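Chain residues, written in single-letter form:
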Amino acid sequence: MFESIFKAYDIRGIVPEALDEPAAERIGAGCAAYFRTLDDGPVVVGRDMRASSPAIADRLITGLRRGGRHVIDVGRVDTPFVTFAINHLSATAGVMVTASHNPPQYNGFKVSGPGGSPVGRDSGLEKIRALAAEADLSTPIAGHIEQADLWSAYRAHVARMINSAAIARKPVTVVVDASNGMAGTMVPKVFGGPGAIPGLNIIPIHFDNESGVFAHEPNPLVAANLRDLQRTVVEHSADLGVCFDGDADRCVVVDERGAVVGCDILTAWLAREFLARSPGSAIVYDLRSSKAVQEEVERAGGVPVRGKVGHVFMKKSLREHRGAFGGELSGHFYFRDNFYADSGAIAMAVVVSELARSRAPMSEILAPIARYAQSGEINFEARDKDASLADVRAAFATRGSIDELDGVTVDCFDTEGWWANIRKSNTEPLLRLNLEARSPELAQRMTDEIAPMLGTRVEH
């Protein structure tokens with residue numbers, strides 16, 4: 001039962017075909033049983049703006065209460081809000097009702113444990129699935145429920161990361177594309193209306209999240225979804241643009257020219273400020289990131305920590321190394337001062353603050369960091385993914401170092417001027433290639449050499 005909707009990092013499916021209200025109640029009961037193995041504290045529940053979310057959340061809460069849990073309903077919020085609420089209220093766990101960047105007919109659950117630690121397939125989701133399948137929905141409702149409005153506390157939490165003085169000295173105009181998702185609620189409440197933060201001028205687009213209709217897919221990693229943002233930044237001569245995904249835990253930035261900024265380049269730039277505040281700290285980044293991240297972190301006196309792809313692994317690594325900051329190519333940015341978790345709101349706060357402090361256009365600031373040529377992530381359909389990875393290992397065994405932290409990474413950077421990572425997707429039946437080289441010509445040549453080993457290229 002439920003095999004199709006329990007994913008690597010969360011629970012997600014089409015409503016009502018794969019995920020209906022009875023299933024939501026059963027999953028709530030499964031969560032309640034699993035949370036009993038942690039402790040008996042309250043459980044936070046939040047939901048996004050999807051048309052199905054109120055009913056799905058209601059039945060999830062009913063299941064949690066059948067399991068005897070005290071539920072604190074924080075209402076319609078962004079996903080990082082739930083992590084904040086778990087910590088702010090000293091709750092045992094939390095569940096966010098969302099399908100993130102999926103189309104509106106999807107919904108699901110992101111489950112977190114104590115401190116907001118993510119619950120994934122290998123850290124509890126499989127247990128929840130088994131417990132949900134066995135749940136007895138005739139059990140009387142025993143748990144209490146209360147509503148809590150924590151927006152003022154959440155705003156104060158994010159505000160600690162805003163350099164208001166720098167923004168007041170050098171005003172910043174930012175276009176924000178909420179993707180008709182939860183950033184349409186979060187940004188006004190956290191960053192306020194005109195004049196709320198002196199010097200910060202926000203130009204909103206796609207903030208309507210009442211209709212349940214997306215102006216574009218709420219996924220900022222797809223280039224087509226950034227066109228409105230890019231055009232608006234240029235039209236208004238804005239300093240930068242920020243596009244959030246559906247549940248506002250991820251964001252992508254464009255510079256004043258409308259050019260997309262790689263999240264690894266942004267990580268390298270922001271790492272300098274976190275290392276200035278906390279010298280010698282670890283900075284965590286996913287292994288697809290540019291070599292420039294490692295180089296910039298070392299140059300700033302920090303400890304670069306290369307990690308596996310995925311927010312579950314990134315959060316774990318940041319906590320284990322007590323890192324000050326971390327970034328992932330997917331648009332997740334992680335902060336020690338945010339319970340070692342990601343936050344789209346804090347990412348925007350830090351980017352705007354650092355741009356104000358830098359007193360130069362973003363394109364000029366980042367140009368020296370974006371010094372290598374990248375392939376971008378290229379997807380392949382392979383008949384036998386393991387055989388393809390074995391072919392790569394064999395082809396380059398004598399040409400450079402190879403590691404298997406996540407997929408296969410071939411590093412010939414010091415000898416030939418390039419490196420590449422090939423890994424299985426956690427969410428799709430694909431192999432993903434990321435390659436970087438010292439020149440565009442070399443990047444293209446090595447991409448052409450490796451591609452035939454990986455199968456059929458998939459164009460998005």
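Nothing here was measured: the structure is a model prediction, and the numbers come from that model. (Residues numbered from 1 in each chain as written. Predicted model: local features only at pLDDT ≥ 70, side-chain atom pairs only at ≥ 80, totals over all residues. Heavy atoms only, no water.)

## Some details on the overall build of the chain
Stage number 1. The helix and strand tally for the chain stands at 15 helices and 23 strands.
Stage number 2. Against the globule reference of 23 Å for 460 residues, the chain gives a C-alpha radius of gyration of 22 Å, in line with a compact fold.
Stage number 3. By its C-alpha atoms, the chain is 65 × 55 × 40 Å across when sized along the principal axes.
Stage number 4. Among the 460 residues that make up the chain, the fraction classed as buried is 58%.
Stage number 5. Long-range contacts, defined as pairs at least 24 residues apart, comprise 70% of the intrachain contacts of the chain with a sequence gap of at least 6.
Stage number 6. Counting every atom, the chain has about 17,900 Å² of accessible surface; 49% of that belongs to carbon and sulfur. (Helix = DSSP H or I, 4+ residues; strand = E, 2+ residues; numbered from the N terminus. Rg over C-alpha atoms; globule rule 2.2 N^0.38 Å. Buried < 20%, exposed > 50% of the residue type's maximum accessible area, 1.4 Å probe, protein only. Contact = heavy atoms within 4.5 Å. Areas by Shrake-Rupley, 256 points an atom, 1.4 Å probe, with all protein chains shown as cover.)

## Let's talk about the pattern of salt bridges
Stage number 1. According to the stated counting rule, one finds 32 salt bridges in the structure shown.
Stage number 2. For the salt bridge of Arg 59 with Glu 25, the shortest nitrogen-to-oxygen distance reads 2.8 Å. With Arg 59 in helix H2 (residues 53-66) and Glu 25 in helix H1 (residues 21-35), this residue pair connects regions lying 34 residues apart in the sequence.
Stage number 3. One network of salt bridges, in which partners are shared, links Arg 272, Glu 295, Glu 296, Arg 299 and Arg 371. (Salt bridge = Lys/Arg side-chain N within 4 Å of Asp/Glu carboxyl O.)

## What about the sheet that holds strand S12 (residues 282-286)?
Stage number 1. The 5 strands lie next to each other as S13-S12-S14-S15-S16, forming an open sheet whose pairing is mixed. Every interior strand has two partners, whereas the edge strands, strand S13 (303-307) and strand S16 (341-342), have only one.
Stage number 2. Where strand S15 (residues 333-335) and S16 come together, 2 bridges link them in antiparallel fashion. Paired with Phe 335 across the bridge in S16 is Ala 341.
Stage number 3. Against the sheet, helix H10 (residues 291-299) contacts S12 and S13, and its axis sits at roughly 155° relative to S13. (Pairing = 2+ DSSP bridges. Axes fitted to C-alpha atoms, helices over the stretch in contact; angles between N-to-C directions.)

## Points about the nonpolar core
Stage number 1. Residues Met 186, Phe 191, Phe 244 and Trp 269 are the most contacted members of the largest nonpolar core, which totals 87 residues.
Stage number 2. Among the elements that line this core, the one with the most residues is helix H12 (residues 344-358), at 10 residues.
Stage number 3. In this structure Phe 191 touches Arg 155, Val 158, Ile 162, Met 186, Ala 196, Ile 197, Leu 200, Ile 202, Ala 345, Met 348 and Ala 349, once residues within four positions along its chain are discounted.
Stage number 4. In this structure, Ile 5, Ala 32, Val 45 and Val 119 belong to the second largest nonpolar core, which totals 29 residues. (Core = buried A, V, L, I, M, F, W, Y, C linked by side-chain atoms within 4.5 Å.)

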